[in-house]
Amino acid sequence: MNRNFDDPIYKKWRSQVYERDGHQCQWPGCNSKKRLNAHHIKTWANNPMLRFSVGNSITLCWSCHKKVHSKEEYYERFFFNILLRKSIEDE
């Protein structure tokens, strides 16, 4: 299934990810607020049930997103740990 970036469901998911992450890159030390991407931690292609899960997503700027492209499996634990720390801090 190809992504339709204009699909209302996709737009809502992306907006929720950005909102949760304060509209800034979550890569440690980056915090950029420009050229943001909602990144699927477990890949879109291999995990259809998680495609619109905010818990499977993290906001990255274009530059940081480029670092992880095609290496998603390597970064899964790293990103889930960032989200876990974030949820503990937000309590």
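Residues numbered from 1 in each chain as written. Predicted model: local features only at pLDDT ≥ 70, side-chain atom pairs only at ≥ 80, totals over all residues. Heavy atoms only, no water.

**Some points on the pattern of salt bridges**
Argument step 1. The full count for this structure, using the stated rule, is two salt bridges.
Argument step 2. Among the salt bridges present, the one from Asp21 reaches Arg20, with a minimum N-O distance of 2.8 Å.
Argument step 3. Given the relative accessible area of 26%, Arg20 is considered partly exposed.
Argument step 4. Taking the shortest distance from any N to any O, the salt bridge between Glu76 and Lys42 comes out at 3.0 Å. Separated by 34 residues along the polypeptide, Glu76 in helix 3 (residues 72-90) and Lys42 in the loop between strand 1 (36-40) and strand 2 (57-61) bring together distant segments of the chain. (Salt bridge = Lys/Arg side-chain N within 4 Å of Asp/Glu carboxyl O. Buried < 20%, exposed > 50% of the residue type's maximum accessible area, 1.4 Å probe, protein only. Helix = DSSP H or I, 4+ residues; strand = E, 2+ residues; numbered from the N terminus.)

**Notes on the environment of Glu19**
Argument step 1. Of note, Glu19 is situated in helix 1 (residues 8-20).
Argument step 2. Note on Glu19: relative accessible area 55%, which makes it exposed.
Argument step 3. In this structure, the C-alpha to C-alpha distance between Glu19 and Thr59, residues 40 residues apart in sequence, is 9.3 Å.

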